[in-house]
Amino acid sequence: MKVTAQEEYGFRCILQIAQAEPNRHISCAEIARAERISVPYAAKLLNILRRAGLVKSSTGVKGGYRLGHDPQEITVLEILKVLDGDLLVSDFADFCKCFAGLQERCVHYKDSCCVRSVWSTISTHIEGTLGRITLGELVAHDESTMSATIAARFGEDAARRGWV
């Protein structure tokens, strides 16, 4: 799994909003400054999140951004999918077209393909894990307690290896 810059910075932008005081709107400029990114780039990312309903915006002197839902209802998976689509190849029929070499389809398309099943299994596990972690949980914990939460939920071995 490769996390794009758009996913990383967009995720950090929504975390800034989630960490703000309750009922406080945070400006695009504040978010950009906190994340050390340009205001136009922050605005682009916030607009993507706004169109998806994950954040709401208001104008005026006390305007800015706030979460569109309770942070316990927003999953990491939802945020990442909104920011850049699929994390891995989710349509494995298209997978065979993506890696076809010089052919229209992969030479193994009609055969049983063990490679396709590996990527499918990995994708299912990653999406399942990210779909169980909420924005609220991330905001409520620091790094050490979040590692303990992940270890309890997904297994000590996974957390120790840094898989989750």
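What you see is a predicted model; the values in this text were computed from it and never measured.

(A) Layout of the overall build of the protein chain. Scanning the protein chain from N- to C-terminus turns up nine helices and two strands. Going from the N terminus to the C terminus, the protein chain shows its helices and strands as α-α-α-β-β-α-α-α-α-α-α. Residues counted as buried form 35% of the 164 residues belonging to the protein chain. Relative to all contacts within the protein chain whose residues are 6 or more apart in sequence, the contacts with residues 24 or more apart total 61%. When the accessible surface of the protein chain is totalled, it reaches about 10,100 Å², and 52% of it is carbon and sulfur.

(B) A look at the environment of N47. Tracing the sequence through the fold places N47 in helix α3 (residues 39–51). Accessibility expressed as a relative area gives 26% for N47, which makes it partly exposed. Sequence spacing of N47 and G10 is 37 residues, and the spatial spacing of their C-alpha atoms is 9.9 Å.

(C) Looking closely at unusual backbone geometry. Although it is not a glycine, N23 sits at a positive phi angle of roughly 65°. Mapped onto the fold, N23 is located in the loop between α1 (5–19) and α2 (28–35). Positioned with a positive phi, R36 is a non-glycine residue whose angle comes to about 60°.

(D) Seen up close, the packing of α1 against helix α4 (residues 76–84). The contact between α1 and α4 brings their axes to 9 Å, and the two run at 125°. The orientation of α1 relative to α4 falls into the category oblique. Taken as a pair, α1 and α4 cross one another with a handedness that is right-handed. For the pair formed by α1 and α4, the contact residues are Q6, E7, G10, F11 and I14 on the first element and V76, I79, L80, L83 and D84 on the second.

(E) Up close: the packing of aromatic side chains. Per the counting criterion, the structure on display carries one aromatic pair. When the centroid spacing of 6.0 Å and the interplanar angle of 75° are considered together, the rings of Y9 and Y41 count as edge-to-face. Taken together, the residues span a long stretch of sequence, with Y9 in helix α1 and Y41 in helix α3 at a distance of 32 residues.

(F) Quick look at the side chain of T134. Tracing the backbone through its elements, the reader meets T134 in the loop between α6 (114–130) and α7 (135–140). Judged by its relative accessible area of 10%, T134 falls in the buried class. A polar contact of 3.0 Å, which involves the side chain of T134, links it to the side chain of Q72. Contact partners of T134, with chain neighbours within four places excluded, come to P71, Q72, I74 and T75.

(G) Fine view of the layout of surface pockets. Each pocket or cavity is described by its volume, and for the second largest pocket that value is around 200 Å³. Lining of the second largest pocket is provided by I17, A18, A20, E21, P22, N23, R24, R66, L67, H69 and P71. If you list the elements that add at least two residues to the lining of the second largest pocket, you get α1 and β2 (64–67). Classifying every residue of the lining of the second largest pocket by side-chain character gives six nonpolar, two polar and three charged.

(H) Up close: the pairing of β2. Across four bridges, strand β1 (residues 55–58) lies against β2 in antiparallel orientation. Residue pairing in the sheet places K56 in a bridge with R66 of β2. Connecting β1 to the next strand, β2, in antiparallel fashion are five residues, including G60 with a positive phi near 110°.

(I) Molecular detail of the pattern of salt bridges. Inspection of every chain in the model, using the stated rule, returns three salt bridges. A salt bridge links E8 to R12; the shortest N-O distance between them is 2.5 Å. With E8 and R12 both in helix α1, this residue pair falls four residues apart, about one helical turn. Residue E8 is classed as partly exposed on the basis of its relative accessible area of 31%.

Basis of the calculations
- Residues numbered from 1 in each chain as written.
- Predicted model: local features only at pLDDT ≥ 70, side-chain atom pairs only at ≥ 80, totals over all residues.
- Heavy atoms only, no water.
- Helix = DSSP H or I, 4+ residues; strand = E, 2+ residues; numbered from the N terminus.
- Buried < 20%, exposed > 50% of the residue type's maximum accessible area, 1.4 Å probe, protein only.
- Contact = heavy atoms within 4.5 Å.
- Areas by Shrake-Rupley, 256 points an atom, 1.4 Å probe, with all protein chains shown as cover.
- Axes fitted to C-alpha atoms, helices over the stretch in contact; angles between N-to-C directions.
- Parallel < 35°, antiparallel > 145°, perpendicular 65-115°, else oblique.
- Left-handed = near helix turned anticlockwise from the far one by under 90°.
- Phe/Tyr/Trp six-rings, centres within 6.5 Å; stacked < 30°, edge-to-face > 60°.
- Polar contact = N/O pair within 3.5 Å; in protein donor to acceptor, adjacent residues only side chain to side chain.
- 1 Å grid on protein atoms, 1.4 Å probe; cavity = no way out; pocket = protein on both sides within 12 Å on 5 of 7 lines; lining within 4 Å.
- Points joined across faces, edges and corners; volume = space filled by probe spheres on them.
- Nonpolar A, V, L, I, M, F, W, Y, C, P; charged D, E, K, R; others polar.
- Pairing = 2+ DSSP bridges.
- Salt bridge = Lys/Arg side-chain N within 4 Å of Asp/Glu carboxyl O.

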